[in-house]
Structure formats: C-alpha cells, structure tokens
Amino acid sequence: MNFLGLIIAVATFLVIGVFHPIVIKSEYYLGTRCWWAFLMAGVAFIVASLFTANDVLSPILGVVGCSCLWSILELFEQKKRVEKGWFPMNPKRKDEYKSQT
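Attention here is on the structure that accompanies the text. (Residues numbered from 1 in each chain as written. Predicted model: local features only at pLDDT ≥ 70, side-chain atom pairs only at ≥ 80, totals over all residues. Heavy atoms only, no water.)

### With respect to helix 2 (residues 35-50)
Then step 1. Here helix 2 spans 23 Å end to end across 16 residues, near enough to the 22 Å set by a 1.5 Å rise per residue.
Then step 2. When we look at burial in helix 2, the residues that qualify are Phe38, Gly42 and Ser49. Buried residues of helix 2, viewed axially, fall in a sector of 35°; they line one side. Those residues of helix 2 that are exposed and aimed more than 90 degrees away from the buried face are Met40 and Leu50.
Then step 3. Taken together, the buried residues of helix 2 touch helix 1 (4-30) and helix 3 (57-83). (Helix = DSSP H or I, 4+ residues; strand = E, 2+ residues; numbered from the N terminus. Expected span 1.5 Å × (residues − 1). Buried < 20%, exposed > 50% of the residue type's maximum accessible area, 1.4 Å probe, protein only. Arc of directions from axis to C-beta. Contact = heavy atoms within 4.5 Å.)

### Some thoughts on the packing of helix 2 against helix 3
Then step 1. The N-to-C vectors of helix 2 and helix 3 enclose an angle of 160°; their axes lie 7 Å apart at closest approach. With respect to their mutual orientation, helix 2 and helix 3 come out roughly antiparallel. The two elements helix 2 and helix 3 meet at a crossing, and its hand is left-handed. Counted together, Trp35, Phe38, Leu39, Ala41, Gly42, Val43, Phe45, Ile46, Ala48 and Ser49 of helix 2 and Ser58, Leu61, Gly62, Val64, Gly65, Cys66, Cys68, Leu69, Ser71, Ile72, Leu75 and Phe76 of helix 3 form the full contact between these two elements.
Then step 2. The class makeup of the residues in the contact of helix 2 with helix 3 is 16 nonpolar, six polar and no charged. (Axes fitted to C-alpha atoms, helices over the stretch in contact; angles between N-to-C directions. Parallel < 35°, antiparallel > 145°, perpendicular 65-115°, else oblique. Left-handed = near helix turned anticlockwise from the far one by under 90°. Nonpolar A, V, L, I, M, F, W, Y, C, P; charged D, E, K, R; others polar.)

Shown next, in the form of structure tokens:
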C-alpha cells in the first residue's frame, strides 16, 4: 500500500489548521505590518521544496510556502474582521483600525 497521498493530505490539513491561529495572533500583536515576513517565509519554503528530493517533504514544504503566501491575504482580511467586531482588537493599537461606532 502507498500511504504517500494520505501522509501529504494529513500534513496539509494540519498546516492549514496551524496557520489560522498564527494569522489571528500575528494581526493582534503586530498588525498588518508583518506581511513581509509571511512573504519571505513563503518564498523560502517554496524554493526549499523545489530543491528537496524527498517525495514527502517536498510537497509539504510547498504547502507550507503557499500557506505563508495565502496568510498575507488573510492578515488583511483579519484586520477587516477585527474592525467589524468579529475578533478582539488589541487596545494598544486602536489607532490602526477604523473607528467602531
């Protein structure tokens, strides 16, 4: 039996699950100014996946890289969700949000 697809699928599921709280915490503590860190990490993971010969590790690195890049969009979407009141706002950074009425 070949478990390669199942291993990659489970890893993908876990990576996506881990990135949700990472984006939420990043926006809360750092705001959207940390988007470049996600960009650099995403590019690094994707490049690493291209140069990795391992049949399991290479696609997982690619998934992590793409999740980093997708997190840039989610970071700005998270800011909108905070402005709508769906998530808590960091009181130390109130001036970075549109005023809530």
